[in-house]
Amino acid sequence: MLMRTYDLILKKRNGYPLDTEEISYLINEYTTGQILDYQMAAWCMATYFTGMTDREISDLTMAMARSGEIMDLGTIQGRKIDKHSTGGVGDTTTLIVAPLVASCGVSVAKMSGKGLGHTGGTIDKLSSIPGFNSELTQDQFIRQVNDIHCALVSQTGKLAPADKLLYALRDVTATVDSIPLIASSIMSKKIAAGADGFVLDVKTGSGAFMKELSQAIELAKTMVSIGKQIDKPTVALVTDMNQPLGQMIGNALEVKEAILTLANQGPDDLTQLCIALGAEMLVLAEHSPDILTAEKQLLTALRQKTGLDKFKAMIRAQGGDERIVDSPDRLPQAQYKIPIYSNQAGYIESIDSLELGLAAMNIGAGREHKNSPIDLAVGLELKKKIGDYVTIGEPIVIVHSNMASSDQEKIRAAYTFSDKKVSAVQLIHMRNT
Ligand code: URA
Ligand code: CA
């Protein structure tokens, strides 16, 4: 059938859904450069305003997933479950969940990305481990998962090239914040990475991409619906990002925090979230019969430190210095540790995660641009979280920096206080299946 891009834009603009063939035409022709940016941008804007049906969203997802190679994880035994976070501040979960779930006997073949802006990336965090190689070949990757059940590698640029092009176009045409486009973008990359099912951590709050709970819930539901339509079981937890997760923000600092957590000495919120996400993975992998049983298995793994042993085995297998596990002081260390003292007393009522994420980025923990260098040693250590009582002169944050000065005022301004007791934050807002 001969298609004209103009007609497809017009159809979409007038509010009619495109059929499967029309969507794959748009994506294929755009990926090969037959359709140019101005027409695709017009289609994005039409989609932004008129939305998409569930069927269109899953068609778009699959068309983008198929625009490049889809990883074949078929030679790895068992069901492969991937975990994805929409991005938060100090979100150390992958470093913990991957080895923890693997230590229960479920294979974790995980690809991760680098960080951008106020959110960190798992691959950057791992690069603070001396010698650690996250650039395995596909054969090495699969062999390692078959050997030790766990590998964490860098996402290849070949996955879902259509998404890469489309995301860059949306970024400059004010069409990023469309839920159908975000959901299909995320899911296309996940599907291309080859897993059989997905556990999604959709963040909401001041440090998240989705600031409003209602928006996060809609994104979660849309991604779960894509999973249903393509027969890949998907569970989404909508979780809180109104304060950074755990105590550490920064690359080496978060590796240290992951080690502590795997040794069952981590912060409560981080531990709780890792157990919740890990339990969903164990159930989707058909390893555990239900969430309660899965949680018990994970808690046992924490107590017996089998997840920590798995983390060590993974570091060794990927060429890293495994001694960092027993002596985290071998990780890169910042020259200065600058305490930020509170000039107010009271219960902490809110913490602006975005501001803290940006403060960490500004001292080098994150990238402002795709190619900015990062300083693995630096970041923030939170001494107090929402609900904690603080007196005047008490340290609320320790800035780990290689610069003698710090954004003291900005960091202080990220905190608000109350005279009255503040109730603890609800960490998991909702579960979608
Ligand atoms: N993250 C993605 O991967 N894609 C989007 O469209 C938005 C956020
Ligand atoms: Ca953290």
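Quick look at the structure, then. Being a predicted model, the structure only gives us computed values, none of them experimental.

1. What to know about helix 8 (residues 161–171)
Looking at helix 8, one finds that the buried residues are A162, D163, L166, L169 and R170. Projected onto a plane normal to the axis of helix 8, the buried residues spread over an arc of 130 degrees and lie on a single side. Looking at helix 8, the residues exposed on the side facing more than 90 degrees away from the buried face are K164 and D171. Where the residues of helix 8 are buried, they touch helix 2 (20–31), helix 3 (37–50), helix 4 (54–65) and helix 9 (179–192).

2. Re the sheet that holds strand 13 (residues 428–432)
The strand order across the open sheet formed by four strands is 1-4-5-13, and the pairing between neighbours is mixed. Two strands lie at the open edges of the sheet, namely strand 1 (81–85) and strand 13, each paired on one side alone. The mean inter-strand angle of the sheet, taken between neighbouring strand axes irrespective of direction, is 15 degrees. The pairing of strand 4 (residues 197–204) with strand 5 (residues 234–240) spans seven bridges and is classified as parallel. Its bridge partner being in strand 5, T204 is matched across the sheet by D240.

3. So, the nonpolar core
Counting residues in each nonpolar core, the largest one holds 81 residues, and the members touching the most others are L126, I129, F311, L356, L380, V397 and Y415. For this core, the leading source of residues is helix 12 (residues 268–284), giving ten residues. Not counting residues up to four positions away in its chain, the partners in contact with L380 are Q247, M248, I249, L253, L356, A359, A360, V397, I398, V399 and I411.

4. Quick word on the pattern of salt bridges
Evaluation of the coordinates by the stated rule reveals 22 salt bridges. For D59, the salt bridge goes to R55, with nearest N and O atoms at 2.6 Å. Taken as a pair, D59 and R55 lie in helix 4 at a separation of four residues, close to a single helical turn. For D59, a relative accessible area of 14% puts it in the buried group.

5. Things to note about helix 11 (residues 251–262)
Three- or four-residue spacings in an α-helix give side chains the same orientation, since the helix completes a turn every 3.6 residues. Taking 1.5 Å per residue, twelve residues should reach 16 Å; helix 11 reaches 17 Å between its end C-alpha atoms and fits that length. Those residues of helix 11 that sit buried are N251, A252, L253, E254, V255, E257, A258, I259, T261 and L262. The positive-phi residue at the C-terminal boundary of helix 11 is N264, with phi of around 65 degrees.

6. Here's the deal with the site of ligand 1
Lining the immediate surroundings of ligand 1 are Y167, R170, I182, S185, I186, K189 and F209. Between ligand 1 and S185, the relevant distance is 2.6 Å, taken from a nitrogen atom to a side-chain nitrogen or oxygen of the residue. In this structure, an oxygen atom belonging to ligand 1 sits 2.6 Å away from a side-chain N or O atom of K189. Protein chains bury 86% of the 230 Å² of accessible surface belonging to ligand 1 in isolation. Mapped onto the shell around ligand 1, the elements with two or more residues apiece are helix 8 and helix 9. Here the shell around ligand 1 gets four residues from one element, more than from any other, and that element is helix 9. Considered class by class, the residues forming the shell around ligand 1 number four nonpolar, one polar and two charged.

7. Details of unusual backbone geometry
Of note, the phi angle at A174 is positive, near 55 degrees, even though the residue is not glycine. Mapped onto the secondary structure, A174 falls in the loop between helix 8 and helix 9.

8. Overview of the packing of aromatic side chains
A full pass over the atoms with the stated rule returns two aromatic pairs. Relative to F49, the ring of Y48 has its centre 5.1 Å away and its plane inclined at 85 degrees; by these criteria the two rings are edge-to-face. With relative accessibility at 64%, the residue F49 sits in the exposed group.

Rules used in this analysis
Residues numbered from 1 in each chain as written. Chains lettered and ligands numbered in written order. Predicted model: local features only at pLDDT ≥ 70, side-chain atom pairs only at ≥ 80, totals over all residues. Heavy atoms only, no water. Buried < 20%, exposed > 50% of the residue type's maximum accessible area, 1.4 Å probe, protein only. Helix = DSSP H or I, 4+ residues; strand = E, 2+ residues; numbered from the N terminus. Arc of directions from axis to C-beta. Contact = heavy atoms within 4.5 Å. Pairing = 2+ DSSP bridges. Axes fitted to C-alpha atoms, helices over the stretch in contact; angles between N-to-C directions. Core = buried A, V, L, I, M, F, W, Y, C linked by side-chain atoms within 4.5 Å. Salt bridge = Lys/Arg side-chain N within 4 Å of Asp/Glu carboxyl O. Expected span 1.5 Å × (residues − 1). Near = heavy atom within 4 Å. Polar contact = N/O pair within 3.5 Å; in protein donor to acceptor, adjacent residues only side chain to side chain. Areas by Shrake-Rupley, 256 points an atom, 1.4 Å probe, with all protein chains shown as cover. Nonpolar A, V, L, I, M, F, W, Y, C, P; charged D, E, K, R; others polar. Phe/Tyr/Trp six-rings, centres within 6.5 Å; stacked < 30°, edge-to-face > 60°.

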